[in-house]
Amino acid sequence: MEKRKQLKPEVLVPRLGEHLVERGLITAADLQNALDHQAAYRDANSAPPLLGSILIELGLIDQSSLDEAITEQIIQLRNALQDANLQLEKRVQQRTAELERALNKLAELNQLKANFISNISHELRTPLTHLKGYLELLLSQDLGPLSQSQDQALHIMQRSTERLEHLIEDLILFSTAERSTIALDVHPVNLANLGLAIINQSITKANEHQVTLHLNLAPSLPFVKADADKIAWVISQLIDNGIKFTSAGGKVTLRAEQIDQFVTVSVEDTGIGISPDKFEEIFEPFHQLDGSSTRRFGGTGLGLALVRKILDSHGSKIRVHSQPGLGSKFEFYLRTAEKQPKRD
Ligand code: ADP
């Protein structure tokens with residue numbers, strides 16, 4: 001019985017009493033009178049009737065005036081709700097437009113950044129070519145004899161220009177990859193030969209860091225479908241990082257083995273390792289795990305970003321397995337070539 005009373009339309013409208021006073025249907029004294037009655041019910045510990053029922057009971061308003069006032073208030077509330085919805089929709093539209101503008105601006109900035117990197121790296125390459133040429137001339141003593149210390153100094157300069165050239169090449173590759181998809185020149189590639197060549201190239205660097213290099217290839221590895229230069233770049237980059245982040249006495253191993261229609265390639269080191277919560281971060285361009293590592297190990301933070309882009313364009317993914325202090329393993333797969341060329 002009590003419950004049914006509470007389900008009257010009046011329960012939908014807040015502050016009915018004030019509304020009735022405002023509309024002149026009852027006086028403030030009437031309202032107070034009815035509220036006192038309601039309070040009396042509460043004091044007697046019984047659930048009080050709704051205000052409207054008390055007003056009717058006291059003869060302060062008739063049923064139809066009360067119903068009309070309640071209906072009017074419900075309509076007002078509905079209109080207010082519609083208005084609020086409209087406002088909300090408008091704000092959502094405004095915010096969406098703002099977000100779109102910000103996104104376009106961001107895309108524009110990204111494009112500008114890529115263009116800037118591309119222009120600047122090409123500009124850097126020209127004077128570097130002159131530097132390299134003259135250094136070679138000087139070192140070959142075509143421009144006159146060199147003392148031992150001059151020869152040493154020029155060799156240091158030559159190594160620095162090589163490093164600079166490397167960085168510029170990475171920047172150019174990165175800006176190209178940012179502006180368009182990487183164009184691949186895909187052929188059947190002999191990973192065994194490629195791996196051996198890369199290991200041979202990296203030996204000097206490994207020796208400098210007193211890190212040993214290991215090549216562990218499964219026998220009769222099939223040819224894979226890949227852009228040989230780009231995959232060589234990826235493997236070299238991973239080996240370079242392995243050497244860079246491994247202290248003296250450690251080792252870096254390049255492995256390749258066939259699993260069904262794929263060859264899995266991995267580069268594993270016994271270096272400083274990476275915390276699993278950083279596995280995504282390290283692939284972001286210009287990202288290095290911390291400031292001190294930048295100073296200690298050098299680099300641009302572009303290597304892994306490019307590695308991922310190149311592997312993406314091969315339809316491959318790179319996976320990291322690592323624990324701080326226990327070394328890291330970077331692994332990816334390449335599809336075997338349909339036609340296996342004859343081995344020499
Ligand atoms: P860079 O080596 O030029 O800093 P990368 O993109 O190759 O840039 O690597 C990004 C970051 O990932 C590195 O600065 C380093 O913090 C971390 N990282 C990459 N390879 C390794 C590794 N083999 N061992 C530990 N940390 C690594």
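Fair warning: this is a prediction, and the values are worked out from it, not measured in the lab.

*Asks:* What's the story with the overall build of the protein chain in this structure? I'm lost.
*Replies:* Each helix and strand counted, the protein chain has 10 helices and 7 strands in total. Whereas a compact globule of 344 residues would reach a radius of gyration of roughly 20 Å, the protein chain reaches 38 Å, over 25% beyond that. Its C-alpha atoms give the protein chain principal-axis dimensions of about 120 × 50 × 40 Å. Sorting the 344 residues of the protein chain into buried and exposed places 34% on the buried side. Long-range pairs, those at least 24 residues apart, make up 71% of the contacts in the protein chain between residues at least 6 apart in sequence. On the protein chain, roughly 21300 Å² of surface is accessible, and the fraction owed to carbon and sulfur atoms is 54%. If the 37 positive side-chain charges of the protein chain are averaged to one point and the 44 negative ones to another, these points end up 4 Å apart.

*Asks:* What am I meant to see in the environment of Asn 33 here?
*Replies:* Checked against the element boundaries, Asn 33 lands in helix H3 (residues 28-43). Note: C-alpha distance between Asn 33 and Gln 141 (108 residues apart in sequence) is 114 Å.

*Asks:* Mind showing me how you'd approach the environment of Gly 249 here?
*Replies:* The topology assignment puts Gly 249 in the loop between helix H8 (228-244) and strand E4 (251-259). On the accessibility criterion, Gly 249 (70% relative accessible area) is exposed. Taking the C-alpha atoms as reference points, Gly 249 and Gln 210, separated by 39 residues in sequence, lie 5.9 Å from one another.

*Asks:* Explanation requested: the sheet that holds strand E5 (residues 262-269) in the structure shown.
*Replies:* Pairing between the strands of a sheet comes from backbone hydrogen bonds, and it takes one of two forms, parallel or antiparallel. If you walk across this open sheet you meet the 5 strands as E2-E4-E5-E7-E6, and the pairing is mixed. Looking along the sheet, the strands with just one partner apiece sit at the ends: strand E2 (212-217) and strand E6 (318-322). Across the sheet, the axes of successive neighbouring strands diverge by a mean angle of 15°, strand direction being ignored. Each of E2, E4 and E5 is contacted by helix H7 (residues 191-208), which is oriented at about 175° to E2, the strand it contacts most. Along the sheet, H8 contacts E2, E4, E5, E6 and strand E7 (328-335); its crossing angle with E7, the most-contacted strand, is approximately 170°.

*Asks:* Before we go on, may I ask you to explain the site of the ligand in this structure?
*Replies:* Neighbouring the ligand are 21 residues; Asn 241, Lys 244, Asp 269, Gln 288 and Leu 304 lie closest to it. Separating a nitrogen atom of the ligand from a side-chain N or O atom of Asp 269 is a distance of 2.9 Å. Within the contact set of the ligand, an oxygen atom lies 3.3 Å away from a backbone nitrogen or oxygen of Gly 303. In isolation the ligand has 530 Å² of accessible area, and contact with the protein removes 98% of it. Of all the secondary structure elements, the ones that give two or more residues to the shell around the ligand are H8, helix H10 (303-313) and E7. Counting residues per element, the shell around the ligand draws most heavily on H8, which supplies 3 residues. In the shell around the ligand, the residues fall into 8 nonpolar, 11 polar and 2 charged.

*Asks:* What am I meant to see in the packing of helix H6 (residues 148-179) against H8 here?
*Replies:* H8 packs onto H6 with a crossing angle of 125° between their chain directions and a minimal axis gap of 14 Å. Our classification of the angle between H6 and H8 gives oblique. Crossing handedness for the pair H6 and H8: left-handed. Residue-level inspection shows His 166, Asp 170 and Leu 173 of H6 in contact with H8, the latter providing Lys 230, Trp 233, Gln 237 and Asp 240.

*Asks:* Any chance you could explain the pattern of salt bridges here in plain terms?
*Replies:* Close approach of charged atoms lets side chains of opposite charge pair. Within this structure, the stated rule accounts for 15 salt bridges. Salt-bridge contacts for Glu 165 lead to Lys 132; the nearest nitrogen and oxygen are separated by 3.0 Å. On the criterion of sequence distance, the pair formed by Glu 165 in helix H6 and Lys 132 in helix H5 (residues 63-139) is long-range, its members being 33 residues apart. Among the ionic pairs, Glu 268 bridges to Arg 255, the shortest N-O distance being 2.7 Å. Here Arg 255 lies in strand E4 and Glu 268 lies in strand E5, a separation of 13 residues in the sequence. Overall, the relative accessible area of 28% leaves Glu 268 in the partly exposed class. The structure contains a network of salt bridges with shared partners spanning Arg 319, Lys 329 and Glu 331.

*Asks:* What's the story with H5 in this structure? I'm lost.
*Replies:* Structural remark: α-helix, 3.6 residues per turn; residues separated by three or four positions point the same way. For H5, which comprises 77 residues, the first-to-last C-alpha distance of 110 Å matches the rise-based estimate of 114 Å (1.5 Å per residue) to within 8%. The set of residues buried in H5 consists of Leu 66, Ala 69, Ile 70, Gln 73, Ala 114, Ile 117, Ser 118, Ser 121, Leu 128, Leu 135 and Leu 139. Phi turns positive one or two residues past the end of H5, at Gln 141, with a value near 65°.

What counts and how
Residues take numbers from 1 onward in each chain, read along the sequence in its written order. The predicted origin of the model limits local features to residues at a pLDDT of at least 70 and limits the giving and counting of side-chain atom pairs to 80 or more, whereas totals for whole chains, interfaces and linings rest on all residues. Side-chain measures were taken over the full set of non-hydrogen atoms in the model, leaving aside hydrogen atoms and water. In DSSP terms, a helix is any run of H or I states spanning at least four residues, a strand is any run of E spanning at least two, and both are numbered starting from the N terminus. For a compact globule the rule gives 2.2 Å times the number of residues to the power 0.38, and the radius of gyration it is set against comes from C-alpha atoms. Classification of residues uses two cut-offs on accessible area relative to the type maximum, computed with a 1.4 Å probe and protein chains only: under 20% is buried, over 50% is exposed, and between them is partly exposed. Here a residue-residue contact requires only that any non-hydrogen atoms of the pair lie within 4.5 Å. Areas reported here follow the Shrake-Rupley algorithm with a probe of radius 1.4 Å; residue values treat only the protein chains shown as occluding. Within this scheme the basic residues Lys and Arg register as positive and the acidic residues Asp and Glu register as negative, but His and the chain ends are omitted. To locate a charge, take atom NZ for lysine, CZ for arginine, CG for aspartate or CD for glutamate. By the convention used here, strands pair only if DSSP detects at least 2 bridges between them. Between N-to-C directions, angles cover 0 to 180 degrees, with each direction set by a line fitted to C-alpha atoms, over the stretch in contact for helices. Whether a residue is near a molecule or strand depends on its heavy atoms: if one lies within 4 Å, it is near. A 3.5 Å cut-off defines polar contacts: any pair of N or O atoms within that distance qualifies, except that in protein one atom must be a possible hydrogen donor and the other a possible acceptor, and neighbouring residues in sequence count only when both atoms are side-chain atoms. Residues are grouped as follows: Ala, Val, Leu, Ile, Met, Phe, Trp, Tyr, Cys and Pro are nonpolar; Asp, Glu, Lys and Arg are charged; all remaining types, including Gly, are polar. Roughly parallel means an angle under 35 degrees; roughly antiparallel means over 145; roughly perpendicular covers 65 to 115; every other angle is labelled oblique. For a crossing to be left-handed, the near helix must be turned anticlockwise from the far one by less than a right angle; the clockwise case is right-handed. For this analysis, a salt bridge means a side-chain nitrogen from Lys or Arg found within 4 Å of a carboxyl oxygen belonging to Asp or Glu. The span you would expect from a helix comes to 1.5 Å times its residue count less one.

Scope: geometric values only; no functional claims are made or implied.
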